[in-house]
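Summary of the model geometry
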Amino acid sequence: MKEKLWGGRFSKATDATLEEFGASIGFDQRLAKWDIRGSIAHARMLSMVGVISEAEADKIIDGLNYVQGQIEAGDFVFKTELEDIHMNVESALTDYIGQEGKKLHTARSRNDQVALDCHLFMLDACQETIAAVRALQTALLELAEKNQHIFMPGYTHLQRAQPVLFAHHLLAHFWALERDAQRFYQCRKAADCSPLGAGALAGTSFPIAPAKVAADLGFSSIYDNSMDAVSDRDYMLEYMFAAALLMVHLSRMGEEIILWNSTEFNFIDLDDSFSTGSSIMPQKKNPDAAELVRGKSGRAIGNLVALLTVIKGLPLAYNKDMQEDKEPLFDSIDTAIGSLNLFAGMYRTMTPNQAAMEHAATNDFAGATDVADFLAKNGVPFREAHAITGKIVRDAITQGRLLGDLSVEEWQTYSPLFTAEVQRMVLPTNVINARKAPMGTAPENVATQLAKAKCCLQSN
Ligand code: ARG
């Protein structure tokens, strides 16, 4: 059996159940690349300040690069008895280069080491997430731009409310995703701080240069307090919140796709490549991508709650409980990026059904608000105008007619203020064109949004 790196004060071997239960190597091997990058920077700094010689640092760095090569080639054997990625790498290094390997851990602890690995890892994870958000935004923008003329019913309470441009509807999701992207930029800022040098919790008596290592690794700053440095998991929680909220957005979009794709709505046609079939019902074409993403939002919310719960009762500084941060964090990252990529493909390949959308918006009372507005603009107090229009709608429903079917004479039986204009006004395209006030669905507003949205994608 391999001797534990911390085995000096122990006279008995670890019980097999604890060894198995306590090992994180099964999942933290994912941090290998960042662990090695951090160790290389640490070794360089140790030689710079004279704690180890330059020759020793060179040997350590060569050895670490070799270990990295082994891992990349799939030739590295991760050992449970070595507990985690930090001790697996260090032990392999010493096996490979000998005595010098044992100097690498000078002036650091696994507590600041694991924190450093996670900070470095999160910088990359945030970048990758932002790129995936951008790809989905691009898909939405292209779909909106290509179909600027299509209109559809806008809904409140899932009841047809007022007609809107299809592009306007899609852009609503674009802006929610823009807030998500901005949130992930913030997460990146939270991760952009190096904890290396905090040691176990109190700092170190070696003359280290933490700001130098931090700069070498591309960090903008270091922590002010060693205890905070090893205890802080806020940057993970911030990401997990951002991922949970992103997944809630995607889940709502998924729900909408599922509705739109149903025979009842028939607003869109999902591409065959983003749909699945049924094993029993040959006619079925199921929106699995949208359903799965809607389902997976539960994980992202659960992961956030899980880590908040792990952290909430912990005294300063490091506690082994913190090892429980990685699995939910990794899962939130994989869920967010996987869902974004899937949705980007789904939106890129879907086809809107113009006829069905426009039929639904036309065969309805979607112009009713504009009738009330017409009266209000002609001096009738809005509440009264609302009541008059309500009566018109009620009568039309009783007679099985739509507002567009009423003659001018009929309109005038409700109010002498009505003119022929009201007949044109209730048509969906005119209802839409009239919404020129800021934020409204008028085509010129949507064109402005499209231009602004493009700028967002170009800037960071
Ligand atoms: N595997 C541990 C974790 O993920 C590394 C830090 C262990 N530190 C310690 N003092 N046991 O949190």
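Calculation notes
Residues numbered from 1 in each chain as written. Predicted model: local features only at pLDDT ≥ 70, side-chain atom pairs only at ≥ 80, totals over all residues. Heavy atoms only, no water. Helix = DSSP H or I, 4+ residues; strand = E, 2+ residues; numbered from the N terminus. Rg over C-alpha atoms; globule rule 2.2 N^0.38 Å. Areas by Shrake-Rupley, 256 points an atom, 1.4 Å probe, with all protein chains shown as cover. Lys, Arg positive; Asp, Glu negative; His and termini not counted. Charge placed at Lys NZ, Arg CZ, Asp CG, Glu CD. Core = buried A, V, L, I, M, F, W, Y, C linked by side-chain atoms within 4.5 Å. Buried < 20%, exposed > 50% of the residue type's maximum accessible area, 1.4 Å probe, protein only. Contact = heavy atoms within 4.5 Å. Phe/Tyr/Trp six-rings, centres within 6.5 Å; stacked < 30°, edge-to-face > 60°. Lys NZ or Arg CZ within 6 Å of the ring centre and 35° of its normal. Salt bridge = Lys/Arg side-chain N within 4 Å of Asp/Glu carboxyl O. Patch = residues over 30% accessible without salt bridge, like charges linked within 9 Å, V, L, I, M, F, W, Y side chains within 5 Å. Axes fitted to C-alpha atoms, helices over the stretch in contact; angles between N-to-C directions. Parallel < 35°, antiparallel > 145°, perpendicular 65-115°, else oblique. Left-handed = near helix turned anticlockwise from the far one by under 90°. Domains from an automatic or database assignment. Near = heavy atom within 4 Å. Polar contact = N/O pair within 3.5 Å; in protein donor to acceptor, adjacent residues only side chain to side chain. Nonpolar A, V, L, I, M, F, W, Y, C, P; charged D, E, K, R; others polar.

**Let's talk about the overall build of the protein chain**
Tallying secondary structure elements over the protein chain gives 19 helices and 4 strands in all. For 460 residues, the compact-globule estimate of 2.2 N^0.38 gives 23 Å, and the protein chain exceeds it by more than 25% at 31 Å. Principal-axis analysis of the C-alpha atoms places the extent of the protein chain at approximately 100 × 55 × 40 Å. Total accessible area on the protein chain is roughly 21,700 Å²; 54% of this is exposed by carbon and sulfur atoms. For the protein chain, the separation between the mean place of its 43 positive charges and that of its 58 negative charges on side chains is 2 Å.

**Examining the nonpolar core**
Counting residues in each nonpolar core, the largest one holds 118 residues, and the members touching the most others are Tyr239, Leu250 and Tyr347. Per-element tally for this core: the top contributor is helix 6 (residues 110-146), with 18 residues. If sequence neighbours within four positions are ignored, Tyr347 has contacts with Leu136, Ala139, Leu140, Leu143, Leu170, Met253 and Ile257. If you look at the next biggest cluster of nonpolar residues, it comprises 18 residues, including Val380, Val393, Ala396 and Leu403.

**Some remarks on the packing of aromatic side chains**
Applying the stated criterion to the full structure yields 14 aromatic pairs. Pairing Phe166 with Trp260 gives two aromatic rings, centres 6.0 Å apart and planes at 50 degrees, and the pair type is tilted. Residue Phe166 is found in helix 7 (residues 166-191), and its partner Trp260 is found in helix 10 (residues 234-261); the two are separated by 94 residues along the sequence. Of the two residues examined, Phe166 and Trp260, each falls in the buried class. With a centroid separation of 5.2 Å and an interplanar angle of 85 degrees, the aromatic rings of Phe265 and Phe267 are classed as edge-to-face. By relative accessible area, Phe265 is classed as buried at 19%. On the accessibility criterion, Phe267 (2% relative accessible area) is buried. Taken together, the ring pairs connect Tyr155, Phe166, Trp260, Phe265 and Phe267 into an aromatic cluster. Here the guanidinium or amino end of Arg30 rests over the ring plane of Phe330, the centre of that ring lying 4.7 Å away. The residue whose ring lies beneath Lys452 is Trp175, and the NZ or CZ to ring-centre distance is 5.7 Å.

**Some details on the pattern of salt bridges**
As enumerated under the stated definition, the model contains 23 salt bridges in all. The salt bridge involving Arg30 is made with Asp334; its shortest N-O contact spans 2.8 Å. You can see Arg30 sitting in the loop between helix 2 (25-28) and helix 3 (32-48) and its partner Asp334 sitting in helix 12 (residues 326-349), a full 304 residues away along the chain. With a relative accessible area of 32%, Arg30 lands in the partly exposed category. Judged by its relative accessible area of 39%, Asp334 is partly exposed.

**Side note on unusual backbone geometry**
Following Leu316, the chain continues into Ala317 via a peptide bond in cis, with omega recorded as 0 degrees. Tracing the chain through its elements places Ala317 in the loop between helix 11 (288-312) and helix 12. At Glu83, a position not held by glycine, the phi torsion is positive, near 70 degrees. Relative to the assigned elements, Glu83 resides in the loop between helix 4 (54-73) and helix 5 (85-97). Positive phi outside glycine occurs at Asn266, with the angle close to 55 degrees. Its location among the elements puts Asn266 in the loop between helix 10 and strand 3 (268-269).

**What to know about a nonpolar patch on the surface**
Taken together, Leu201, Met227 and Leu316 make up a surface patch of nonpolar side chains, about 270 Å² in accessible area. By secondary structure assignment, the location of Leu316 is in the loop between helix 11 and helix 12. Residue classification places Leu316 among the exposed positions, given a relative accessible area of 59%.

**Examining the packing of helix 11 against helix 12**
One can describe the packing of helix 11 onto helix 12 by two numbers: an axis separation of 10 Å at closest approach and a directional angle of 155 degrees. Between helix 11 and helix 12, the crossing angle belongs to the class labelled roughly antiparallel. Crossing angle aside, the handedness with which helix 11 passes helix 12 is left-handed. On helix 12, the residues that touch Ala289, Ala290, Val293, Lys296, Arg299, Ala300 and Asn303 of helix 11 are Pro328, Asp331, Ser332, Thr335, Ser339, Leu342, Phe343 and Met346.

**Some words on the domain arrangement of the protein chain**
By domain assignment, the protein chain separates into domain 1 (15-106), domain 2 (122-149 + 164-207 + 216-356) and domain 3 (360-458). Taking the mean C-alpha position of each, domain 1 and domain 3 sit 69 Å from one another.

**Describing the site of the ligand**
Taken together, Ser24, Asp28, Asp84, His86, Arg110, Asn111, Val114, Tyr318, Gln323 and Lys326 make up the full set of residues near the ligand. Between the ligand and the protein, one listed contact pairs an oxygen atom with a side-chain N or O atom of Lys326 at 2.5 Å. Within the complex, 87% of the 350 Å² of free accessible area of the ligand lies under protein. Along the lines of polarity and charge, the residues of the shell around the ligand split into 2 nonpolar, 4 polar and 4 charged. Here the shell around the ligand gathers at least three residues from each of two domains, domain 1 (15-106) and domain 2 (122-149 + 164-207 + 216-356).

**Focus: the side chain of Ser24**
For Ser24, the location among the structural elements is in the loop between helix 1 (16-22) and helix 2. With relative accessibility at 1%, the residue Ser24 sits in the buried group. What Ser24 contacts, discounting residues up to four positions off in sequence, is Glu83, Asp84 and Gln323.

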